[in-house]
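Fold and geometry: a report
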Amino acid sequence: MPQNLTHKILAAHLVDGASLGAPGSEISLRIDQTLTQDATGTMAYLQFEALGLDRVQTELSVSYVDHNTLQMGFRNPDDHRYLRTVAKRYGLVYSPPGTGICHQLHLENFAKPGKTLIGSDSHTPTAGGLGMIAMGAGGLSVALAMAGEPYRIAMPKVVRVNLTGKLTGWATGKDIILHLLGMLTVKGGVGKVFEYAGPGVKTLTVPERATITNMGAELGATTSLFPADERARDFLTSMGRADDYEEWVADEGAEYDETIEIDLSKLEPLAAQPHMPDRVVPVRELAGMAVSQSAIGSCTNSSYADLKSVAQMLTGKRISETTDLLVSPGSKQVMKMLAHENLIEPLLDAGARMLEASCGPCIGMGGSPISEGVSVRTFNRNFEGRSGTQDAKVYLTSPLVAARVALDGAFTDPAGWGEPPAFPELPATTPSIRHLFIFPPEDGSGVEVLRGPNIVPLETFSELPETIGTRILLKTGDDITTDHILPAGAQITALRSNIPAISEYIFSRVDAEFVSRMKSAEGAPCRGVILGGENYGQGSSREHAALGPRHLGVCAVITKSLARIHRANLVNFGILPLLLKNPADYDRLSQGTELTIAATDLTPGGTIAIEAKGVGPIEVINDLTATELAIIQAGGLLNYVRAKREQ
Ligand code: SF4
């Protein structure tokens, strides 16, 4: 039976004896490579350390520092030192701050056709540009993959994106993915892999392909990938990695769940309007709008070809005096190549500000636009406030459009732009920056892991008691978000590697007394239960919204209904999620009500009666699988995996 490329790679990585099921069914994958960035990495490595292993079990794991590279105060530099020493101790490659953005660096130095990669960053699919299955995942999943545990996903549908024709004029790879986003919306890729195929594929270089797979994350896709063909071979050869090339292409006549047709010759320069990546219009429709800032870079568009095109456009010209132009190369390799070809000088002469090779303005680390400013960015996200300026309007475009608006100080019609610069092909060989990575020793057992005061090892949580005598310490309304549970903000997120400190902020904006009530119950195996309404825990996937309450001693959350990702996080950290069988019972229970929960009566998917003092029995149900229940009884996933490995 001919197979598409996605099925080929997935089938080659299924854990023993399994087979690919129907879309939606669970599959377990062997993971070859992992990556982390610093913002999520510290917690992933604290979780890995809690598993008690001596070395990572993957073929390759890399720890990148690219998000919080500014070192104002001790916290970020302490994080960087922890990441460097933990990498050396446990066998990871470490990429110091300033070396580049994780996805660009991974593509250039480590991605391999036919392999699997998970990374604690949503744009990990960038590496799909080299024909691998690369997926974004939570920090705990990455920690478990580093420990050799399989990664479980729902079997995706595979969409064939059939490319025909060839890009013309000012249209670029960015416009292909913006076109798809406009067509499918930010929800259009959920549960799907976008596999690019057809005669148009060979017209695109690997960095152009990586721009497309990078922003497939904005479709909500499981991942996106291109075949590993002669273009991939040329790229790897140019990177000095010809030996890493293996052909991985779909079989002739392979079947797909869906097909989308795109004629590349029909595409024109596009822009995603504020504040969503799918609000896509042709650039010509924006002509006349003044632009106060242009920012070129990010893991989406910071390759050698991207920046060389920009340098070619700016050579001998001066940008508009009303527009600020920021340029961040994706890696020191890109920067070195520009320097070798004397392309930095024209950028500087044109008035561009050269930034460090890091995420920078994409994550709001500098480069915020003026108030109510229009910022044109080559990035992948334009959510309100992400730039650091709440009322700024961010448009997402290709580097060519971003360079053009910097020159003109406004959007103009591409019809009047004349001929685009020649597409910069990669040279046959490129300068290496491999010596800048810190590779681990064969045996890291003697390496001391250095932590600052803000990096605190994870505690070991206790098992679920057989009988829980506790009380409701907080009763919330409907639609409680993870932001209500743990607010965001620089002051709080800086404590991400220090669970005792960050836990002081749990429910701080809902009920300032909550933490002190929890603390006053110190000593009890279960200090308290939260009673929630409908859709408890909606919003972001932040693990700390479960870890913090767990640290404070919350052992169960009883709600009318629960958001899916938060429910998974509760299970992972050993908090029992229970649903009121009769939602009207919510009104019979109050803050302070004493409860007795016979945890030994719990069965997967079963109903039990909780004794509520002064109220009577309250029936609750759970929707847990047998494994999930065992995880909670063990005190969380780390305990569960640790115990399994000791058997
Ligand atoms: Fe995330 Fe932006 Fe960094 Fe890419 S460049 S990894 S989108 S913060």
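Scroll up to find the structure.
Quick look at the structure, then. Owing to the predicted nature of the structure, the values given are computational and were not obtained by experimental measurement. (Residues numbered from 1 in each chain as written. Predicted model: local features only at pLDDT ≥ 70, side-chain atom pairs only at ≥ 80, totals over all residues. Heavy atoms only, no water.)

All right, on to the packing of aromatic side chains then. One pass over the full model with this rule turns up 8 aromatic pairs. Centre to centre, the rings of Phe507 and Phe514 are 5.1 Å apart; their planes meet at 80 degrees, and the pair counts as edge-to-face. With a relative accessible area of 0%, Phe507 lands in the buried category. Following the ring pairs from residue to residue traces out a cluster consisting of Phe110, Phe437 and Phe439. Above the plane of the ring of Tyr586 lies Lys475, whose end atom (NZ or CZ) is 4.3 Å from the centre. Lys560 extends its terminal NZ or CZ atom over the ring of Tyr586, reaching a point 4.5 Å from the ring centre. (Phe/Tyr/Trp six-rings, centres within 6.5 Å; stacked < 30°, edge-to-face > 60°. Buried < 20%, exposed > 50% of the residue type's maximum accessible area, 1.4 Å probe, protein only. Lys NZ or Arg CZ within 6 Å of the ring centre and 35° of its normal.)

With that out of the way, let us pick up the state of the cysteines. Two cysteines form a disulfide when their sulfur atoms are joined by a covalent bond. Taken as a whole and judged by the stated rule, the model has 1 disulfide. Residue Cys526 pairs covalently with Cys555 via a disulfide, S to S 1.9 Å. Given an S-S torsion of about -65 degrees, the disulfide between Cys526 and Cys555 has left-handed geometry. Taken as a pair, Cys526 in the loop between helix H16 (514–520) and strand S20 (528–531) and Cys555 in strand S21 (residues 554–559) lie far apart in primary sequence, 29 residues in all. Of the residues examined, Cys555 reaches a relative accessible area of 5% and is grouped as buried. (Disulfide = S-S within 2.5 Å. Helix = DSSP H or I, 4+ residues; strand = E, 2+ residues; numbered from the N terminus.)

What follows deals with the site of the ligand. All residues in the neighbourhood of the ligand are listed as His67, His103, Asp121, His123, Ser298, Cys299, Cys359, Cys362, Ile363, Asn380 and Arg386. When the residues that make up the shell around the ligand are grouped by side-chain class, the tally is 4 nonpolar, 5 polar and 2 charged. Taken together, domain 1 (5–266) and domain 2 (270–417) each give at least three residues to the shell around the ligand, which thus spans both. (Near = heavy atom within 4 Å. Nonpolar A, V, L, I, M, F, W, Y, C, P; charged D, E, K, R; others polar. Domains from an automatic or database assignment.)

Here we come to the nonpolar core. In this structure, Phe507, Phe514 and Ile558 are the most contacted members of the largest nonpolar core, which totals 127 residues. A per-element tally of this core places helix H5 (residues 139–146) first, with 6 residues. Residues from two domains meet in this core; each of domain 1 (5–266) and domain 3 (467–646) gives at least three. Residues in contact with Ile558, not counting those within four places in the same chain, are Val529, Ile530, Leu531, Gly532, Leu578, Leu580, Leu595, Ile610 and Val620. (Core = buried A, V, L, I, M, F, W, Y, C linked by side-chain atoms within 4.5 Å. Contact = heavy atoms within 4.5 Å.)

A word on the packing of helix H7 (residues 206–215) against helix H8 (residues 230–238). H8 packs onto H7 with a crossing angle of 110 degrees between their chain directions and a minimal axis gap of 9 Å. In terms of their interaxial angle, H7 and H8 are classed as roughly perpendicular. Contacts from Val206, Pro207 and Arg209 of H7 reach H8 at Arg231, Ala232 and Phe235. Classifying every residue of the contact of H7 with H8 gives 4 nonpolar, no polar and 2 charged. (Axes fitted to C-alpha atoms, helices over the stretch in contact; angles between N-to-C directions. Parallel < 35°, antiparallel > 145°, perpendicular 65-115°, else oblique.)

For the bond running from Pro274 to His275, omega is -5 degrees, close enough to zero to count as cis. Here His275 shows up in the loop between strand S12 (270–272) and strand S13 (280–282). A positive phi angle, near 75 degrees, is found at Ser298, a position not held by glycine. Position of Ser298 relative to the elements: it lies in the loop between strand S14 (293–296) and helix H9 (304–314). A positive phi is found at Asp479, a non-glycine position, where the angle reads about 60 degrees. Inspection of the secondary structure puts Asp479 in the loop between strand S19 (467–475) and helix H13 (482–485). The partly exposed category is assigned to Asp479, whose relative accessible area is 40%.

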